[in-house]
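Chain residues, written in single-letter form:
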Amino acid sequence: MNLKTTLDICLSFRKTWMCVVLALSCMAMSNAQTVNGTVTADGQPLPGATVLIKGTTTGTSTDFDGNFTINAEALSTLVISYVGYSTKEVLVGNQTQINVTLEQDNKLDEVVIIGYGSQRKSDLTGSVSSVSGEDLSTLPVSRVDQALQGRAAGVQVTQTSGAPGAGTSIRVRGGNSITGSNEPLWVIDGIIVGTNFNLNNLNANDVKSVEILKDASSIAIYGSRGANGVILVTTKSGASIGGGKPQVNVGIYTSSQLVPERPDYLSQAQQIEYTNQDAILRGVVEPFPGSPSDYPNNDFFDLLVNPSPIYNADVSIAGTSENGSVNYYNSLNFFDQDGIVENSGIQKYIFRSNLDFKLSDKLKAGARINYSRIKQDNGVVGYGSLLGILPTQPIYNADGSFNGANEVTGNPFNNPVATSRLDIDETTSSNLLGTVYLEYSPIENLIIRSTFNPNIINSKRNEFTSSQRPDLQSGDSNARIRTTSTINWNNENTVQYSGVIGDNHNYTILGGASFQKDVTETASAQAFGFTTDATTFNSLRTGSDPLRNLVESGYGQRTLVSFFGRLNYTYKDKYLLTLVGRSDGSSVFAPGNKYEFYPSIAGAWKITEEPFMQNQNTFQDLKLRASYGKSGNQAINPYETLPVYDEGNTSFNGVELPGVVLGRFANPDLIWETTTSFDIALEASLFGGKVFAEFNYYSKKTENLLLEVTIPRQAGDDNQIQNVGSLQNRGWEFLVNSTNISNSNFNWNSTVTLSSNKNKVLDLGGQEFIDVITDPVLGAGNLRLIVGETVPVFTGAEYLGTWKSQAEIDASGQDPAANAVGGPRYKDTDGDGTISVEDYEVLGNPFPDLIYGFENNFSYKNFDLSIYIQGTVGNEVFNTRTRTNFFIRGEVPKYAEVADYWSPQNPTSDIPSPGFVEGAYVPNSFDVEDGSHLRLKNVRFTYHLPVDKMGLKGVKDMSIYASGTNLLLLSDFRLIDPETSQYGRSNIRQGFAGGEYPNARVLSLGLNVTF
């Protein structure tokens, strides 16, 4: 750690404590008052209930008649709790008598958000996972999706990169599509923002709850948009804060990101010996004829990868007017993160305003506004590129200028130090996400609601490649500016009526229509041949090579029209039925195929309501539910059904004239991908509500897959998207929430989530397999779609170690000219004497056999401790760096284990000898590694200051906390973190890693104050 980094970290923590001192200094003494009250439950007094002043150890217990007396300030909050019952909080205000009724702590009585409404969990017939805002707040993250990892059964969340602002890849019960997106639909406060919404625009501390809709019954109300699951985000409001006085929350934290463990490579001396031996065996001049001390021993990681800080500040003001007609929540957020890799980082400003107005007894209105401004440094040096540089590579020439030549090959060398200091890659974006609604209830139980939701995004990306780069030729310097403008709007109109028939029949009917339009425009300009860096990307006209200039623009539009309905019916609060249907019409399909209808049916049986369950004490609630239905996926971009013409010049009378040629035929027969799914589940609340458990089993089948198939070249293109093939997903989910200990001083609760999903290709349009190209150098062969296997599987030859003798080669039947003693040996599956794609076998797949999360929360008096673990078992990772770091020539760094390579002095080694060229390598089983891992995701320790004893006037609660994220990773993966992904959120190219931006260990210190 260099001095500058150390000072930055010290300064960041100093700033945090300065804010703590400032907050304390602004507070004064206040007076207490005597409060009397009674605590009841089930209509009876509740003796022994605990009554505490929030944030303190001051408290009392109720007597035999449920009565209590306590001295508390007007701004204090009383926390009333009892084992097996839900905890309640009450603001004292000017009250001297506070009576509280506690309800049994039953997870099935929780209210969860569903599509276009809410329900008690006990009344759900579909599969919905819920994560509270309190759970999310234990992780100091900048994005909501990062905090979901391991918290919801059946939901695989993968942090594909540790770069600032990087998102995740989310699969809800596996992937349904091969070509189309498998990301879930995000809905924020009822606003459908799509599958690719940049969640950096949302402040995680504004979130009240997150619900994940998983089965056909829950997602059907969103039709084709919800085929991959739906994630509903509800932000906070001031509805729960009464008394007419605003509540102010201030939260600040600062973090230090520590450099994670790096892969183990040969030392400088070992690498020199290996590289020289490689040259000798290939018959070329030794690049390092001297001793190791004659050459540099540069650590490019130490120069470009360093600990870095994070700063975050949140302020929110929430409340309700005295007459209750208005409630509001307003917040400001500032977030600043420097990446651990130089010139990477993100800075965000986010403003939110949530307003609700009760205009009359029958009319309500409201608005949600979220505005964000983000500047992101994308980084010009990749973490993985540093893994490919020999330590002997000079950074500077003798004259002090940057070196730009590879010292072994003599080829141009992209000097990362020079690139980091000279090049620019940054993106600035703004987003306005809003909704306005009007809700009218002309008669009791009838609600008419209309919303309009604009989503406006503008972004500009600036790139500059410096003329001073030592590896570039004159004229290769360039600058590029790309702008993107997106305007989306959505109008939804619903009518809902709830009724009762007799004493036993309850129903709710919902009907609605949705209209959505998305328009995206892009423009890009690039110029070459800059002779100065003075203006960087700000003056493209100064590029001196106009013949290479590029100007591009694009336009895309998508519209969606939907009509939907839902019926919820309950008989005797015991038998439940849900019917859902939605008709979607999309502009991306040709006439005749634009509309599709998606129905679902679900039912549930509250077993504990039956007479035979009344005399048992084990189950407080027991519910069996099942659902069946269909959903769809557009899975293609706009205009895919239309013909495309490509530029093609021609000659006439010796003059070249511009023209066009057919690039793609029209394909009006494309239809929606359709997924049919079945779900059955058992939910139980046991032992007086101390344990809640849920088990789900599901099966999904997707048909009419939209895939690229090979067509005759004379058709204009080699490939065309067609509806061919089908795949299947089957799996199970298990969730347990338990209250292990609960008393006045100590509480301990746990949450366990387990899930497993297996997918399988059922049909590929008559083909047995399809090869997918992941690397232009390797070509096809290391990734395949195979009927009967998962989507996808890693393929290659089985690596058998090294050839130990010439006799072994001769006896194998393989070509002696293509193999040598000490060289890599592969299994010749078909016995034809050559190693080709015909010898490739299935080597593994990227899908875990088990995904798990385990969280424990402890509280003792004023202290809280949260420990959160998550991980996977049984998935494989294709390590693309092994090709160069284990096999092939010596100008690339080698794993430390390569020091034990085969030689006449080490004849039993299975590590290939130096000197083998790239042609001796084929994708093989040594590339595929176990991706199972356990990650200590977060540990958080919180202390609630005794604000009443400290005499802090106006303070309701104050806490300080320290947390650590990614503190421990247990994995055998050579590149350390098996979770990062070389191809990001790609559907097909999953499970590849080549040394991507790692997930750093993060230590945080924070303060939260409520006034």
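First, a word on scope: everything that follows refers to the structure included in this document.

Parameters and conventions
For every chain, the first residue of the written sequence is number 1, and numbering continues from 1 onward in sequence order. At least 70 in pLDDT is required for a residue's local features to be given in this predicted model, at least 80 for side-chain atom pairs to be given and counted, and no such filter applies to totals for whole chains, interfaces and linings, which use all residues. Computation of side-chain values: all heavy atoms of the structure, hydrogens and water removed. Following DSSP output, two strands are said to pair if at least two bridges run between them. Secondary structure elements are taken from DSSP: a helix is a run of H or I of four residues or more, a strand is a run of E of two residues or more, and numbering for both begins at the N terminus. Structural elements are reduced to axes, namely lines fitted to C-alpha atoms, with helices fitted over the stretch in contact, and the angle between N-to-C directions of any two is expressed from 0 to 180 degrees. Think of a salt bridge as a Lys or Arg side-chain nitrogen and an Asp or Glu carboxyl oxygen that are within 4 Å of each other. When a residue's accessible area, from a 1.4 Å probe over protein chains only, is under 20% of the maximum for its type it is buried; when over 50% it is exposed; and in between it is partly exposed. Here the expected span of a helix is defined as 1.5 Å times the quantity of residues minus one. What makes a nonpolar core is a set of buried Ala, Val, Leu, Ile, Met, Phe, Trp, Tyr and Cys residues whose side-chain atoms join them at distances within 4.5 Å. A contact between two residues is defined here by any heavy atoms of the two lying within 4.5 Å. N or O atoms within 3.5 Å of each other form a polar contact, as long as, within protein, one can give a hydrogen and the other can take it, and as long as residues adjacent in sequence are counted only when both atoms are side-chain atoms. Only Phe, Tyr and Trp rings are paired, with Trp represented by its six-membered ring, and only when their centres lie within 6.5 Å; those with planes under 30 degrees apart are stacked, over 60 edge-to-face, the remainder tilted. Either the NZ atom of lysine or the CZ atom of arginine qualifies as a charge over a ring when it sits within 6 Å of the ring centre and within 35 degrees of the ring normal. His is not counted, nor are the chain ends; Lys and Arg add positive charge and Asp and Glu add negative charge.

**Observations concerning the sheet that holds strand β46 (residues 841–844)**
Item 1. Strands sit in the order β41-β42-β43-β46 across an open sheet of 4 strands; the sheet is antiparallel. The open sheet is flanked by β41 (769–771) and β46, the only strands paired with a single partner. The mean angle between the axes of side-by-side strands here comes to 45 degrees, regardless of whether they run parallel or antiparallel.
Item 2. In this sheet, strand β42 (residues 783–786) lies alongside β41 in antiparallel orientation, the contact comprising 3 bridges. Of the residues in β42, the one forming a bridge with Asp 771 is Arg 784.

**Side note on the pattern of salt bridges**
Item 1. Inspection of every chain in the model, using the stated rule, returns 38 salt bridges.
Item 2. Between Arg 143 and Asp 145 there is a salt bridge, and its shortest N-O distance comes to 3.0 Å. In terms of burial, Arg 143 and Asp 145 fall into one category: buried.
Item 3. Arg 368 is paired through a salt bridge with Asp 356; the nearest N and O atoms lie 3.1 Å apart. With Arg 368 in strand β22 (residues 363–378) and Asp 356 in strand β21 (residues 344–358), the pair connects residues that are 12 residues apart, well separated along the chain.

**Describing helix α4 (residues 268–282)**
Item 1. Over its 15 residues, α4 extends 21 Å from the first C-alpha to the last, a length consistent with the 21 Å expected when each residue adds 1.5 Å.
Item 2. Immediately downstream of α4, the backbone of Gly 283 shows phi near 75 degrees, a positive value.

**Overview of the nonpolar core**
Item 1. The biggest cluster of nonpolar side chains holds 37 residues, and the ones touching the most others in it are Phe 300, Val 305, Leu 386, Tyr 826, Phe 886 and Phe 887.
Item 2. For this core, the leading source of residues is helix α5 (residues 300–304), giving 3 residues.
Item 3. Beyond its immediate sequence surroundings of up to four residues, Leu 386 is in contact with Phe 300, Phe 301, Leu 304, Val 305, Val 381 and Pro 416.
Item 4. Grouped together as the second largest cluster of nonpolar side chains are 27 residues, Leu 136, Ala 147, Ala 204 and Val 207 included.

**Re the pairing of strand β10 (residues 117–120)**
Item 1. Sheet topology places strand β9 (residues 111–114) next to β10; 4 bridges connect them, and they run antiparallel. Bridging across to β10, Val 112 finds its partner in Gln 119.
Item 2. What sits between β9 and β10 in their antiparallel hairpin is a turn of 2 residues, with Tyr 116 showing a positive phi close to 60 degrees.

**Re the sheet that holds strand β14 (residues 185–188)**
Item 1. Reading across the sheet, the 5 strands line up as β11-β16-β17-β14-β15 and stay open at both edges, with mixed pairing between neighbours. With partners counted over all chains shown, the strands left at the sheet margins are β11 (128–132) and β15 (191–194), one partner each. When strand polarity is set aside, the average angle formed by the axes of neighbouring strands in this sheet is 20 degrees.
Item 2. Sheet topology note: the β14/β15 ladder contains 3 bridges and is antiparallel. Note on β15: the bridge partner recorded for Trp 186 is Gly 194.

**Brief notes about the environment of Asp 278**
Item 1. Relative to the elements of secondary structure, Asp 278 occurs in helix α4.
Item 2. Residue class for Asp 278 comes out buried when judged on its relative accessible area of 1%.
Item 3. Residues Asp 278 and Ile 741, 463 residues apart in the sequence, show an inter-C-alpha distance of 64 Å.
Item 4. In this structure Asp 278 touches Arg 889, Gly 890, Pro 914, Gly 915 and Phe 916, once residues within four positions along its chain are discounted.
Item 5. Only 3.3 Å separates the side chain of Asp 278 from the backbone nitrogen of Gly 890, close enough to count as a polar contact.

**Here's the deal with the packing of aromatic side chains**
Item 1. Taken as a whole, this structure holds 32 aromatic pairs when the rule is applied.
Item 2. Ring plane angle 75 degrees and centroid distance 4.9 Å describe the contact between Phe 886 and Phe 887, whose orientation is recorded as edge-to-face. Judged on exposure class, the residue Phe 886 and its partner Phe 887 are both buried.
Item 3. An aromatic cluster is present here, built from Tyr 799, Tyr 826, Phe 886, Phe 887, Tyr 921 and Phe 926 joined pairwise through their rings.
Item 4. It is Arg 940 that lies over the ring of Tyr 961; its NZ or CZ is 3.6 Å from the centre.

**So, the environment of Arg 262**
Item 1. Mapped onto the elements of the fold, Arg 262 is located in the loop between β18 (247–258) and α4.
Item 2. C-alpha of Arg 262 to C-alpha of Ser 750: the two residues are 488 residues apart in sequence and 33 Å apart in space.
Item 3. Those residues in contact with Arg 262, other than ones at most four positions away along the chain, are Asp 299, Phe 301, Asp 302, Tyr 383 and Ile 976.
Item 4. Among the polar contacts listed, one links the side chain of Arg 262 to the side chain of Asp 299, at a separation of 3.1 Å.

**Details of unusual backbone geometry**
Item 1. With omega at -5 degrees, the peptide bond leading from Val 791 into Pro 792 counts as cis.
Item 2. As for its placement among the helices and strands, Pro 792 is situated in the loop between β42 and β43 (793–796).
Item 3. Positive phi outside glycine occurs at Asn 704, with the angle close to 55 degrees.
Item 4. Locating Asn 704 in the fold gives a position in the loop between β36 (691–703) and β37 (706–710).
Item 5. Classification of Asn 704 by relative accessible area gives partly exposed; the value is 30%.

**A word on the side chain of Lys 348**
Item 1. Among the secondary structure elements, Lys 348 is positioned in strand β21.
Item 2. We note that Lys 348 is buried and unpaired, the nearest opposite charge coming from Asp 145 at a distance of 8.7 Å.
Item 3. A distance of 3.0 Å separates a polar side-chain atom of Lys 348 from the backbone oxygen of Ser 142.
Item 4. A distance of 3.3 Å separates a polar atom in the side chain of Lys 348 from the backbone oxygen of Asn 200.
Item 5. Among residues more than four places away in sequence, those in contact with Lys 348 are Ser 142, Asn 200, Asn 333, Phe 334, Phe 335, Arg 373 and Ile 374.

**Section: the pairing of strand β47 (residues 850–860)**
A regular strand places its side chains so that they alternate between the two faces of the sheet.
Item 1. As judged from the 10 bridges shared by strand β40 (residues 746–763) and β47, these two strands associate in the antiparallel manner. When the sheet's bridge partners are listed, Leu 754 is paired in β47 with Tyr 852.
Item 2. Once β47 ends, the chain turns through 2 residues before running back antiparallel as strand β48 (residues 863–873), passing Lys 861 with a positive phi of about 55 degrees.

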